[in-house]
Every structure is written in structure tokens, then in C-alpha cells.
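The chain contents come next:
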Amino acid sequence: KQINGSKLKPALYHYRTHSGAEVDLIFQLDNQYFPIEIKCKSQPTKADTRGIVAFRKANPSLKVAPGLIIAPTEQVHALGENCFAVPYDSL
């Protein structure tokens, strides 16, 4: 809904490598990339950031924003490597 109401239209991507690294959703807006993973578990871990970390390492020349793990967590918290768990209902 928010994208439809915005004047700027981000490009949307899914990232997956042959080795299995994956990011559910990547928004590209104004030459910045916003990697997002969506999880159902209430306590995501650093292991859930692997795809985001792999995306950053494979694309060092891109301007990549902090990664988000959207999950049914109670509050925002850091998961390391410039990635954060964010509650579903805070979006």
C-alpha cells in the first residue's frame, strides 16, 4: 500500500545464489538497497542474517542499508553484521 501511494517507485528484487544464499526481498530506491528477510519465528538469530551478509559480500560496490529481519518479535534488536530484527506490527 505504501509503495502505491509514493511518488518514488522502488525496484523490488528477490536474491538467490547457486550456493543457496537468499534474501526474501530487496528494495532499491535512489541507488540504495534495503535487504529484508521475513521469518515466522519469534526469536530470529544471527544465522537468519546469512543471506543479507552474503548479498553485501557479493556486492561490495552497492550502497546497502541495514538489513531487516521482519518477525513476530516483541521489540527491535540487533542481530549483528548491521542487521536488526523488527516486529511485524511496527511497520
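The structure presented is a predicted model; accordingly, all values stated were derived computationally and were not measured. (Residues numbered from 1 in each chain as written. Predicted model: local features only at pLDDT ≥ 70, side-chain atom pairs only at ≥ 80, totals over all residues. Heavy atoms only, no water.)

Trainee: I'd like a rundown of the pattern of salt bridges, residues and numbers included.
Mentor: A complete count under the given rule lists two salt bridges for this structure. Across the salt bridge formed by Glu 37 and Lys 39, the nearest N and O atoms sit 3.5 Å from each other. For Glu 37, a relative accessible area of 4% translates into the label buried. The exposure class of Lys 39 is partly exposed, given its relative accessible area of 23%. Here Lys 41 makes a salt bridge to Asp 48, at a shortest N to O gap of 3.0 Å. Judged by relative accessible area, which is 38%, Lys 41 ranks as partly exposed. A relative accessible area of 11% places Asp 48 in the buried class. (Salt bridge = Lys/Arg side-chain N within 4 Å of Asp/Glu carboxyl O. Buried < 20%, exposed > 50% of the residue type's maximum accessible area, 1.4 Å probe, protein only.)

Trainee: So what's going on with helix 2 (residues 50-58)? Which residues, and what values?
Mentor: When helix 2 is considered as a whole, its buried residues turn out to be Gly 51, Ile 52, Val 53, Phe 55 and Arg 56. Those residues of helix 2 that are buried lie in contact with strand 1 (11-16), strand 2 (22-29), strand 3 (32-38), strand 4 (63-64), strand 5 (67-71) and strand 7 (83-87). (Helix = DSSP H or I, 4+ residues; strand = E, 2+ residues; numbered from the N terminus. Contact = heavy atoms within 4.5 Å.)

Trainee: Quick rundown of the environment of Cys 83? Include the residues and the values.
Mentor: Tracing the backbone shows Cys 83 in strand 7. Cys 83 sits in the buried class, given a relative accessible area of 1%. Sequence separation of Cys 83 and Asp 30 is 53 residues, and the distance between their C-alpha atoms is 20 Å. Apart from the residues within four sequence positions on either side, Cys 83 is in contact with Thr 49, Ile 52, Arg 56, Gly 67 and Ala 78.

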